[in-house]
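Here's the letter readout for the chains.
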Amino acid sequence: MNTTKISAIILAGSRPGGDAMADSRAVAVKALIPVAGKAMMAYVTEALLRHKAIGPIHLLAQDFHPFWEHPDTRALQYHDDVIAQTSSATIAASMDKVLEQDETRYPMLITTADNVLLNAPMIDDFLAAAQSSDIAIAMVEKDVLLARYPGSQRTWLKLRGGHYSGANLFYFGSPEAREILAYWAEVEQDRKKGWKILTIFGPWLLFLAVTRMLTIDQLAARVGHKLGLKIRIVPMQQAEACIDVDKEADLVLVEQILARRAEALAT
């Protein structure tokens, strides 16, 4: 792996209409929901700041006052490797604002503030597999997840050869990767509807996908060809890679996993 440190983006903003989990806890933003007694974003920033391959980290949020007032995240405003940038109206526009800056360097790792279980082995595996691509997308195959967590409920993209769930890890390897943001903007409000993005690339590609005539790698190749990009799907072997905190059941499971990790470290 290239020893040059890469930049990272953490998407920590709020969606229009707020978040029910945050509201129920009287927390200003979802990223500050406590998980095992600590704000969820603190887990993500710690994983990235400790990793030897990660350099500057861009935090994207609409309002940073809640973060700077919170005991788990207030120190980030003084950290040399953390850059707080106010979000635009959409995720795609916010990311484009970062990527258009002259000082932006590629490759870049992108993740979300609710990716609480992110750890060094996941980052290592993803970056190693993502090299030489314009865009890489981490996915977890259904059998990998259910073999370890049979009760976990995810949204699945069903294709020939397997069902896949996103892992909230993305890699932009070149400036050309910005091309995907125009399409991201069209579908980000329906991010859990896996097929919606395919309608943008035409009915034939959608037909091949919904009839399961394509594997996930073939689908990525077709979309990449359409955009003139090398898109790579990275199948993650860590089941935890696709377990973010989107609902109450996720939070319970994540806290159980964190407790087991803590026990393993203590022995």
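Residues numbered from 1 in each chain as written. Predicted model: local features only at pLDDT ≥ 70, side-chain atom pairs only at ≥ 80, totals over all residues. Heavy atoms only, no water.

**Considerations on the pairing of strand β1 (residues 6-11)**
Keep this limit in mind: Only protein chains enter the accessibility calculation, which uses a 1.4 Å probe. A residue is then buried if its area is under 20% of the maximum for its type, exposed if over 50%, and partly exposed in between. Every helix listed is a DSSP run of H or I at least four residues long, and every strand listed is a run of E at least two residues long, numbered separately from the N terminus. A pair of strands is labelled paired if DSSP reports no fewer than 2 bridges between them.
Counting buried positions along β1 gives six out of six residues, so the element sits mostly inside the fold. Alternating residues of β1 divide into I6, A8 and I10 and S7, I9 and L11, and every residue in both groups is buried. Where β1 meets strand β4 (residues 54-61), five bridges bridge the pair, whose relative direction is parallel. Paired with I10 across the strands is L59, a residue of β4. One ladder, built from five bridges, connects β1 with strand β6 (residues 108-112); its direction is parallel. Bridge pairing links I10 to T111 in β6.

**Observations concerning the packing of aromatic side chains**
Rule in force here: Each pair of aromatic rings taken from Phe, Tyr and Trp, with Trp reduced to its six-membered ring, is defined by centres within 6.5 Å and is described as stacked if the planes are under 30 degrees apart, edge-to-face if over 60, and tilted in the remaining cases. Our definition puts a charge over a ring when NZ of Lys or CZ of Arg is within 6 Å of the ring centre and also within 35 degrees of the ring normal.
Enumeration over the complete set of coordinates arrives at two aromatic pairs. Plain terms: the ring middles of F64 and F67 are 5.9 Å apart, the flat faces sit at 50 degrees to each other, and that makes the pair tilted. F67 shares its class with F64; the two are buried. Ring centres of F64 and W68 lie 5.3 Å apart, and the angle between their planes is 15 degrees; this geometry places the pair in the stacked category. One aromatic cluster is present, built from ring pairs that chain together F64, F67 and W68. The aromatic ring of Y43 is capped on one face by K38, whose charged end is 4.3 Å from the ring centroid.

**Digging into the confidence of the model for the protein**
Put simply, the rule is: Known as pLDDT, the predictor's confidence for each residue is given on a scale from 0 to 100.
Taken as a whole, the protein shows an average pLDDT of 88; of its residues, 89% reach a score of 70 or greater. Confidence, expressed as mean pLDDT per element, reaches its minimum in the protein at helix α8 (residues 196-199) with 57 and its maximum at helix α2 (residues 40-50) with 98.

**Some points on helix α5 (residues 120-130)**
Spelled out, the test is: Throughout, the arc means the angular range of directions from the helix axis out to the C-beta atoms. Here a polar contact means two N or O atoms within 3.5 Å. Within protein one must be a hydrogen donor candidate and the other an acceptor candidate, and residues neighboring in sequence count only if both atoms are side-chain atoms.
Of all the residues in α5, the buried ones are M122, I123, F126, L127 and A130. Buried residues of α5, viewed axially, fall in a sector of 115 degrees; they line one side. Between the side-chain oxygen of the N-cap and the backbone nitrogen of M122 there are 3.2 Å, and the N-cap of α5 in question is N119. Directly beyond the C-terminal end of α5, a positive phi value near 70 degrees is found at S132.

**Some thoughts on the side chain of N168**
So the rule is basically this: Whether two residues touch is decided by their heavy atoms; if any such pair falls within 4.5 Å, the residues are in contact.
Looking at the element boundaries, N168 is found in strand β9 (residues 162-172). The buried category is assigned to N168, whose relative accessible area is 12%. Separated by 3.0 Å, the side chains of N168 and T112 make a polar contact. Leave out the neighbours within four places in its chain, and N168 touches I110, T111, T112, D114, N115 and D244.

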